[in-house]
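# Structural characterization, general
So the chains spell out like this:
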Amino acid sequence: MRKHLAELVLAFAMISAPVFAAGVTVKDGWFRALPANLPSGGYFTLHNGDAQTLTLTGAESPACGMLMLHKTENKGGTGMMMDMPTVAVPAGSDLAFSPGGYHLMCMGPKPAMKPGATVPVTLDFADGSKVSANFAVKNARGQ
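### Thoughts on the pattern of salt bridges
Scanning the entire structure with this criterion turns up four salt bridges. Salt-bridge contacts for Asp94 lead to Lys27; the nearest nitrogen and oxygen are separated by 3.8 Å. Residue Asp94 is located in strand β8 (residues 93–97), and its partner Lys27 is located in strand β2 (residues 24–32); the two are separated by 67 residues in the primary sequence. The exposure class assigned to Lys27 is partly exposed, which follows from its relative accessible area of 38%. Measuring nitrogen to oxygen at the nearest pair gives 3.2 Å for the salt bridge that ties Lys71 to Glu73. A single salt-bridge network, built from bridges that share partners, covers Glu60, Asp124 and Lys130.

So, in structure tokens, the structure goes:
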């Protein structure tokens with residue numbers, strides 16, 4: 001009986017453990033921390049070394065009350081920010097998350113989100129895989 005219970009526990013642990021995205025890397029991750037608990041933008045370069053397009057579906061960090069995928073677009077001379085439910089990352093390419101384009105939006109930044117700190121971020125993909133990276137926290141000037 002104990003052997004079967006141990007096998008069930010091991011099987012459940014294997015099913016519920018996150019699958020890390022092979023061939024996907026995060027480079028140069030950082031957040032721009034703003035004063036007065038204003039939302040913080042997150043920037044990085046995502047490399048998809050896989051042979052197929054991956055779909056980024058979300059992000060999470062204990063340093064944020066909520067972390068969302070966003071995109072800024074210029075429409076008629078006005079910058080507009082939009083929530084992005086998904087972002088396609090083409091096979092064998094880099095996708096930059098940078099000011100004025102795709103970015104992470106950290107709503108409700110926690111005390112850990114202060115210049116000089118490093119905070120963990122996990123990116124979630126449609127296939128259930130995840131990628132984790134540490135992001136530097138910089139000041140409003142990006143330093």
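The rest of the description comes next.
### Quick word on the packing of aromatic side chains
Applying the stated criterion across every chain yields a total of five aromatic pairs. The interplanar angle of 40° and the centroid separation of 5.6 Å between the aromatic rings of Phe97 and Tyr102 together place this pair among those described as tilted. Take Phe97: its relative accessible area is 2%, and that puts it in the buried class. Residue placement shows Lys138 over the ring face of Trp30; its charged tip is 5.0 Å from the ring centre.

Parameters and conventions
Residues numbered from 1 in each chain as written. Predicted model: local features only at pLDDT ≥ 70, side-chain atom pairs only at ≥ 80, totals over all residues. Heavy atoms only, no water. Salt bridge = Lys/Arg side-chain N within 4 Å of Asp/Glu carboxyl O. Helix = DSSP H or I, 4+ residues; strand = E, 2+ residues; numbered from the N terminus. Buried < 20%, exposed > 50% of the residue type's maximum accessible area, 1.4 Å probe, protein only. Phe/Tyr/Trp six-rings, centres within 6.5 Å; stacked < 30°, edge-to-face > 60°. Lys NZ or Arg CZ within 6 Å of the ring centre and 35° of its normal.

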